[in-house]
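# An overview of the molecular structure
The lines below spell out each chain.
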Amino acid sequence: MSEQIARGTVRTTRSDVLLASAGERGVLCGIYDEDAADTYHDLMQDADGTSEAREFANRVDPGSGPVLELAAGTGRVTFPFLALGFEVAALELSTAMIATLRKGLEDLPPEVRDRCTVVHGDMTAFALEERFETVIVSSGSINVLDDADRPGLYASVREHLAPGGRFLLAVAVAEAVKPDSPERQQELSGLSGRRYVLHAKMLAGEEIHEITICPADEAADPFVVCTNRIRLLKADQIVRELEQAGFRVTGRTPFASAGQGSEDVLLLEASL
Ligand SMILES: C[S@@+](CC[C@H](N)C(=O)[O-])C[C@H]1O[C@@H](n2cnc3c(N)ncnc32)[C@H](O)[C@@H]1O
């Protein structure tokens, strides 16, 4: 299991300060937990995975059976993939994320919804009966795994690839690391109109971003403080790790996650 989830919710320096001033109104939760579901949904509802899904889909033979999507979350990439006509087995660890994913599926016509199987599981240690021609991980998802967890991901994917199958992994292009940079603050607006403050701090000596999100309204009750740790991983490091795990990396294609603008994601293609 991912260490972050196994260890429980991450406490950040900023979350300690915020919770101390919120007193009994304060609630600390991981960004993928149930208590964060409203915040996550409000901020992410219009996150569009269509371009990313197309990049994956261009590399999948439509007749090759279900695609295994790891860390599917609330379905940012799953839904466009289904819309493109594919069958998807969507694996996710967080029950809160799964609940939102299932709710979204209920709104689809049965012939589309029935092409998706939702699996509660840990991408670093799962055992399914089926083997897949394609396993995908969308951008940002490998960044939730610690160094100690990623070998489990690669081993589990190896076990689930059909002969000749492909592992497609989207890796966000890592920002330059400035270890002693001050905490960055940014105000965000949710779809509901509610405002939030995002605090992002680079941990000194580690390539980890600590994220804390809280309501902009200091009097909010409950005052939900969501935290997360994101590892800044360079594509070269992932390529090395994949090769050490016995994969051949056969493609590295940059693309723009927004469909246009800067190429901020690299799609790695690997096979055994
Ligand atoms: C950055 S989000 C991406 C979600 C979705 N793929 C997307 O593109 O919106 C990372 C997801 O990984 C999930 N996650 C974290 N650790 C996991 C694990 N060990 N196994 C499966 N999912 C995990 C989180 O709950 C979250 O939904």
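Reading the values: the criteria
Residues numbered from 1 in each chain as written. Predicted model: local features only at pLDDT ≥ 70, side-chain atom pairs only at ≥ 80, totals over all residues. Heavy atoms only, no water. Buried < 20%, exposed > 50% of the residue type's maximum accessible area, 1.4 Å probe, protein only. Helix = DSSP H or I, 4+ residues; strand = E, 2+ residues; numbered from the N terminus. Pairing = 2+ DSSP bridges. Axes fitted to C-alpha atoms, helices over the stretch in contact; angles between N-to-C directions. Contact = heavy atoms within 4.5 Å.

As named in an unreviewed UniProt entry, the protein chain is SAM-dependent methyltransferase, taken from Amycolatopsis coloradensis.

Another aspect to go through is the pairing of strand S9 (residues 208-215). In terms of burial, S9 is largely enclosed, as eight of its eight residues are buried. Both strand S8 (residues 195-202) and S9 contribute to a ladder of seven bridges, which runs antiparallel. Directly across from valine 197, in S9, lies its bridge partner cysteine 214. Pairing between S9 and strand S10 (residues 223-231): six bridges, direction antiparallel. For glutamate 210, the partnering residue across the bridge sits in S10 and is arginine 229.

On the basis of which strands lie adjacent, the open sheet formed by five strands has the order S1-S10-S9-S8-S7 and mixed pairing. Because the sheet does not close on itself, it has two edges, and the strands there are strand S1 (26-30) and strand S7 (184-189). Strand-to-strand twist across the sheet, computed as the mean angle between neighbouring axes with direction ignored, equals 20 degrees. On top of the sheet, helix H2 (residues 13-22) reaches S1, S7, S8, S9 and S10; it is set at about 175 degrees to S10, its chief contact.

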